[in-house]
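Spelled out, the chains give:
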Amino acid sequence: MSRFPADSVGLVSPQRHISTEPLALACGRSLPQYELVYETYGQLNASRSNAVLICHALSGHHHAAGYHSEDDRKPGWWDACIGPGKAIDTNRFFVVSLNNLGGCHGSTGPSSIDPETGKTYGGRFPMIVVEDWVNSQARLADHLGVQCWAAVVGGSLGGMQALQWAIHYPDRLRHCVAIATASKLSAQNIAFNEVARQAIITDPDFHGGDYAAFGVIPKRGLGLARMVGHITYLSDDAMGQKFGRELRSERLNYDISSVEFQVESYLRYQGQEFSERFDANTYLLMTKALDYYDPARAHGDDLAKALAPVTARSLVISFSTDWRFAPARSRELANALLAARKDVSYLEIDAAQGHDAFLLPIPRYIQALSSYMNRIEVDA
Amino acid sequence: MTLRADLQIIQNWIQPGSRVLDLGCGEGELLHYLQDNRQVRGYGLEIDPDNINACIGKGVNVIEKDLDQDLDNFEDHSFDTVVMTQALQAVHYPDRILEDMLRIGREAILTFPNFGHWRCRLYLGTKGRMPVSEFMPYTWYNTPNIHFCTFKDFEKLCHERSVRILDRLVVDQTHRSSMLSAMWPNLLGEVAIYRVTR
């Protein structure tokens with residue numbers, strides 16, 4: 001018997017999709033060939049009408065649910081929502097989760113080998129944006145025999161992908177679920193991303209992105225970038241509750257170098273841990289993809305016009321204390337869908353956890369997502 | 001599917017295939033019915049999390065929204081009919097809501113309880129206290145109903161704002177109309193259903 005919980009998808013293993021057909025990119029370059037690593041949970045039904053695509057956020061990847069081995073301590077990043085009987089019920093749905101191009105968890109990205117040079121891409125990896133991800137995901141759908149997704153679901157940067165699916169491939173999805181997201185970043189968002197990027201780029205170990213050739217990684221810069229990012233993922237309240245002004249020792253040291261407040265220690269740990277498992281070039285690429293996304297730009301900044309092709313029904317969810325992707329941004333999206341006369345529901349979940357809330361099992365959020373997903377018709 | 005009696009009356013006033021906005025849509029019964037039986041494209045505004053969840057479970061478009069915030073996110077003339085049942089007396093600015101309803105929709109349908117009903121008058125007249133009944137069960141200090149009015153009050157507001165009353169159906173608590181309440185609506189009617197336009 002498995003030791004995994006009954007509502008877990010259990011042991012899962014990643015699969016690969018290798019494409020030798022060149023992929024033209026928004027930046028004007030193209031990827032001559034690429035690999036996507038992905039996982040699937042549940043069974044594709046005979047009419048292929050029950051497939052759900054999960055799009056990941058900045059630091060996410062293909063491992064969204066279940067465990068990779070019997071001794072795996074942690075399940076996938078969205079295990080709270082994916083599994084038998086869960087909000088995205090794998091008894092009903094065939095769930096697909098991939099690592100996006102430019103990622104650092106197995107799909108072709110800056111740390112892959114460039115077939116033209118035989119060396120790591122590094123800083124030469126082309127810029128990949130949300131539109132490119134969605135195009136590559138459409139090819140993955142073709143490969144899996146999925147003509148039309150029952151739903152495309154994503155939070156944060158993943159929500160932008162779900163939205164882009166609805167705009168660019170209107171007849172290839174029936175529902176668009178966009179959580180804690182926005183149709184474009186604000187100046188403040190871009191500013192935070194720029195601080196993160198500068199932290200990485202100015203690290204002496206960065207070497208213009210070719211750090212692999214020098215046998216080093218820009219750990220300090222990447223760690224700093226994560227520390228900044230992490231602050232924006234939590235609300236003031238959540239940080240206050242978690243750390244307050246708690247000190248690590250009883251006395252103040254009156255010096256600069258020691259780690260005194262608990263929040264400092266936490267951030268340093270988060271930064272260090274992240275810098276050991278994530279690739280700096282991927283982080284740069286993901287933050288740029290976030291900054292660039294703005295489907296209204298080509299339509300005179302009229303989002304409703306950009307949404308004109310949409311035929312999917314949409315569910316838009318925001319969280320009250322999220323200041324990275326504030327409820328006001330989600331309301332803009334919901335209002336534009338309304339103005340474009342599309343089917344849309346909008347929820348503003350009261351939650352103290354800030355942007356991170358979209359990954360957490362907050363009862364009202366999970367219940368609403370379950371109700372929505374359960375309503376989606378699929379053939380037996 | 002059986003519909004609440006007031007909603008049964010309202011659905012008769014809604015054109016098939018039209019666009020309907022329901023302010024304070026509750027569990028989405030009306031919109032669900034109109035979607036399935038009148039091919040209506042509808043949206044509900046609601047603030048209660050359980051009601052919102054019920055709407056989602058029915059496949060009814062629902063937008064989380066406090067009716068006391070402005071409705072600026074809805075464009076002028078973007079709906080055929082804007083409905084608000086049993087909420088006029090609970091909003092901060094009933095006149096502004098009425099204006100908004102007729103800005104957003106071609107027609108508005110409203111229902112609200114009549115504070116001029118003889119039982120209210122008798123209660124206030126004999127006891128000298130704010131009426132509490134099975135139909136209006138709240139005490140004055142703890143009630144969602146902050147703007148009670150009578151049918152006459154509402155019609156005066158409509159007149160002042162150049163709002164035309166297209167239909168008025170006066171009914172009792174169980175939403176039945178009688179000859180007597182049609183004759184003396186402001187005294188004998190408990191609930192009114194108005195269809196108005198500009």
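Because the structure is a prediction, the values reported are computed rather than measured. (Residues numbered from 1 in each chain as written. Chains lettered and ligands numbered in written order. Predicted model: local features only at pLDDT ≥ 70, side-chain atom pairs only at ≥ 80, totals over all residues. Heavy atoms only, no water.)

Draft legend 1. Seen up close, empty space enclosed by the protein. Residues and elements named next belong to chain A. Per the stated rule, a full pass over the model turns up one cavity of 30 Å³ or more. Forming the boundary of the largest cavity are L58, F192, N193, A196, A225, V228, G229, T232, Y233, Y283 and R324. Going through the elements one at a time, α3 (187–201) and α4 (219–233) are the ones with two or more residues in the lining of the largest cavity. A per-element tally of the lining of the largest cavity places α4 first, with five residues. Among the residues forming the lining of the largest cavity, the class breakdown is seven nonpolar, three polar and one charged. (1 Å grid on protein atoms, 1.4 Å probe; cavity = no way out; pocket = protein on both sides within 12 Å on 5 of 7 lines; lining within 4 Å. Points joined across faces, edges and corners; volume = space filled by probe spheres on them. Helix = DSSP H or I, 4+ residues; strand = E, 2+ residues; numbered from the N terminus. Nonpolar A, V, L, I, M, F, W, Y, C, P; charged D, E, K, R; others polar.)

Draft legend 2. Spatial organisation of unusual backbone geometry. Of note in this structure, R341 of chain A is not a glycine but carries a positive phi near 60°. Within the secondary structure, R341 of chain A is located in the loop between α9 (327–339) and β12 (344–349). Of note in this structure, Q39 of chain B is not a glycine but carries a positive phi near 50°.

Draft legend 3. Structural context of helix α6 (residues 151–160) of chain B. Residue and element names in this part refer to chain B. The complete set of buried residues in α6 reads F151, F154, L157 and C158. Along the axis of α6, the buried positions cluster into a sector of 125°, meaning they face one direction only. Exposed positions of α6 whose direction lies more than 90 degrees from the buried face are K152, K156 and H159. Residues of α6 that are buried make contact with α4 (94–104), β5 (105–113), β6 (164–171), α8 (185–188) and β7 (191–197). (Buried < 20%, exposed > 50% of the residue type's maximum accessible area, 1.4 Å probe, protein only. Arc of directions from axis to C-beta. Contact = heavy atoms within 4.5 Å.)

Draft legend 4. The arrangement of the interface of chain A and chain B in detail. Contacts between the two partners involve 19 residues from chain A and, on the opposite side, 21 residues from chain B. Across the interface of chain A and chain B, roughly 1,800 Å² is buried in total on both sides, 44% from carbon and sulfur atoms. On the chain A side of the contact with chain B, L338, R341 and R375 of chain A bury the most area, a combined 31% of that side's loss. In this assembly, chain A and chain B are joined by two salt bridges. The shortest N-O distance in the salt bridge between R41 of chain B and D343 of chain A comes to 3.5 Å. Our enumeration of links across chain A and chain B arrives at 17 residue pairs in polar contact (both at pLDDT 80 or more). When residues in the side of chain A that touches chain B are grouped by element, the largest group, six residues, is from helix α10 (residues 363–375) of chain A. Residues belonging to the side of chain A that touches chain B are distributed by class as follows: eight nonpolar, four polar and seven charged. (Buried area = accessible area lost by both parts, 1.4 Å probe. Salt bridge = Lys/Arg side-chain N within 4 Å of Asp/Glu carboxyl O. Polar contact = N/O pair within 3.5 Å; in protein donor to acceptor, adjacent residues only side chain to side chain.)

Draft legend 5. Summary view of the UniProt feature "site: Important for acyl-CoA specificity" (unreviewed entry) in chain A. Residues and elements named next belong to chain A. UniProt annotation of "site: Important for acyl-CoA specificity" (unreviewed entry) refers to R324 when read in the numbering used here. Mapping R324 onto the fold places it in the loop between β11 (313–319) and α9. Apart from residues no more than four positions distant in its own chain, R324 is found in contact with N189, F192, N193, G229, T232, Y233, L290 and H355. (UniProt positions renumbered as here; feature names shortened; annotations may be inferred.)

Draft legend 6. Quick peek at the environment of A296 of chain A. Position of A296 of chain A among the secondary structure elements: in the loop between α7 (280–292) and α8 (303–306). Counting along the chain gives 112 residues from A296 of chain A to K184 of chain A, while the straight-line C-alpha distance between them is 8.5 Å.

Draft legend 7. Examining the pattern of salt bridges more closely. The final tally for this structure, using the stated rule, is 24 salt bridges over all chains. For D210 of chain A, the salt bridge identified is with R124 of chain A, shortest N-O distance 3.5 Å. A residue pair is termed long-range when its members are at least 10 positions apart, and D210 of chain A in the loop between α3 and α4 and R124 of chain A in the loop between β8 (94–98) and α1 (130–144) qualify at 86 residues. The partner of E64 of chain B in a salt bridge is R364 of chain A, with the nearest N and O atoms 2.7 Å apart. Residue E64 of chain B is located in strand β3 (residues 61–64), and its partner R364 of chain A is located in helix α10; the two belong to separate chains. Comparing E64 of chain B with R364 of chain A shows no difference in burial state: the two are buried.

Draft legend 8. Quick look at the packing of aromatic side chains. Residue and element names in this part refer to chain A. Taken as a whole, this structure holds 21 aromatic pairs over all chains when the rule is applied. Taking 5.9 Å as the distance between ring centres and 10° as the angle between the ring planes, the aromatic pair formed by W77 and W78 counts as stacked. Residue W77 is classed as partly exposed on the basis of its relative accessible area of 23%. Overall, W78 belongs to the buried group, its relative accessible area being 1%. (Phe/Tyr/Trp six-rings, centres within 6.5 Å; stacked < 30°, edge-to-face > 60°.)

Draft legend 9. Focus on the packing of α3 of chain A against α4 of chain A. Residue and element names in this part refer to chain A. Following both chains from N to C, one finds α3 and α4 inclined at 165°, their axes separated by 7 Å at the closest point. On the basis of the axis angle, α3 is roughly antiparallel to α4. Crossing geometry of α3 relative to α4 is assigned as right-handed. In this structure, α3 contributes F192, V195, A196, A199 and I200 to the contact, and α4 contributes G221, L222, L224, A225, V228 and T232. (Axes fitted to C-alpha atoms, helices over the stretch in contact; angles between N-to-C directions. Parallel < 35°, antiparallel > 145°, perpendicular 65-115°, else oblique. Left-handed = near helix turned anticlockwise from the far one by under 90°.)

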